[in-house]
Each structure stands twice: as C-alpha cells, then as structure tokens.
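Tertiary structure, described
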Amino acid sequence: MIEKINLAAKLAQFPESWSPRIIAELNGQHVKVVKLAGDFVWHHHDDEDELFLVIAGQLTMGYRDTSGAEQTLVVDAGEFVVIPRGVEHCPSADVETHVLLFEPAGTINTGNLNSERTVTHPQRL
C-alpha cells in the first residue's frame, strides 16, 4: 500500500522522549521518529550507520573521534548527521527536539549498551 506520511501527525501520537517509533520501512531499513529531551547515553553500534535528521529543535551530538577525544556537533532543524558504525556517540537536546532516524531494521537505540532507555521492539505507528 502506498501512503503519504505526515511527520507532525506521527510525532503527535506519543509524548515520551527517547522512545523511537517506526513509521515506514524500505529495503531493510526502518524510518523512525523520536522526541529527544535532555541527555541520552554514550553508546555505539557495531554494524549499523545511523542518520539523524532534525525536524524541529536542536540536536547536540557528542561523539568520540578516532583518538578518543570528545567532539560536539550541533544539528539544527533541516539538517542531518550520519554517525558511522563503531563511532561512540551521545545525542542530547536542551529543548524538545523531533528527529527522523534512518537505520537498518533491528537497530537497537542504545547499541552496545543495555540501559533503562533501551527499546528493543519499537512500536509501529
């Protein structure tokens, strides 16, 4: 079935932060939306690259470069960042921020780390 998807309508369906929801699938990839507020956890993904597209708000992406030094990248609405597999990263948002994620199906939001924020089976909207 072919349908158009309204991102604002999908984001309005849930209040929780850090709880990604699947809104579409293509070629073995999940398209998800998530609300961010505050700090997440440092983690990495051994096998998956991740794309973070900021729809509203501002994402601060902390990451560790090849030397292990912490770096910070600010991503504004209308911008995106790709985090390559294996790169340790920690998203955060000072204000509620809406993000579209594009990643392989089965990607767990906390990657190599199991925490209270781990979502192993995201809901489909």
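Residues numbered from 1 in each chain as written. Predicted model: local features only at pLDDT ≥ 70, side-chain atom pairs only at ≥ 80, totals over all residues. Heavy atoms only, no water.

Thoughts on empty space enclosed by the protein
Selection criterion: Residues are called lining when one of their atoms sits within 4 Å of a cavity or pocket point, these points coming from a 1 Å grid over the protein atoms alone, where a cavity is a set in which a 1.4 Å probe fits but cannot get out and a pocket is an open set with protein on both sides within 12 Å along at least five of seven lines. Grid points are joined across faces, edges and corners, and a volume is the space filled by probe spheres set on the points. Starting at the N terminus, helices and strands are each numbered in turn, a helix being any DSSP run of H or I of at least four residues and a strand any DSSP run of E of at least two. Under the convention adopted here, Pro, Cys and the residues Ala, Val, Leu, Ile, Met, Phe, Trp and Tyr are nonpolar, Asp, Glu, Lys and Arg are charged, and Gly plus all remaining residues are polar.
Here the structure, examined in full by the defined rule, presents one cavity of 30 Å³ or more. Approximately 140 Å³ is the volume attributed to the largest cavity. Elements that contribute at least two residues to the lining of the largest cavity include exactly β2 (29-39), β3 (50-56) and β7 (89-104). At four residues, β7 tops the list of elements feeding residues into the lining of the largest cavity. Grouping the amino acids of the lining of the largest cavity by side-chain chemistry returns eight nonpolar, three polar and two charged.

Brief notes about the nonpolar core
Our working rule: Nine residue types can take part in a nonpolar core, namely buried Ala, Val, Leu, Ile, Met, Phe, Trp, Tyr and Cys, and a core is a set of them joined through side-chain atoms within 4.5 Å. For the exposure calls, accessible area comes from a 1.4 Å probe over protein chains only, and a residue counts as buried if that area is under 20% of its type's maximum, exposed if over 50%, partly exposed in between. Whether two residues touch is decided by their heavy atoms; if any such pair falls within 4.5 Å, the residues are in contact.
By size, the foremost hydrophobic cluster in this structure holds 15 residues, and its most contacted members are Leu-36, Phe-52, Leu-59, Met-61, Val-81 and Val-99. For this core, the secondary-structure elements that each account for two or more residues are β2, β3, β4 (58-64), β6 (80-83) and β7. Setting aside chain neighbours within four positions, we find Met-61 in contact with Phe-52, Gln-71, Thr-72, Leu-73, Val-81, Ile-83, His-89, Cys-90 and Pro-91.

So, the pairing of β2
Under the convention used in this document: By definition, two strands form a pair when at least two bridges between them are found by DSSP.
Judged by how many residues are buried, β2 sits mostly within the fold: eight of eleven residues are covered. Here five bridges tie strand β1 (residues 21-26) to β2, and the two strands are oriented antiparallel to one another. Bridge pairing in β2 links Glu-25 to His-30. Count of turn residues in the β1/β2 antiparallel hairpin: two residues, of which Asn-27 carries a positive phi of about 50°. In this structure, β2 lies alongside β7, joined through ten bridges in antiparallel fashion.

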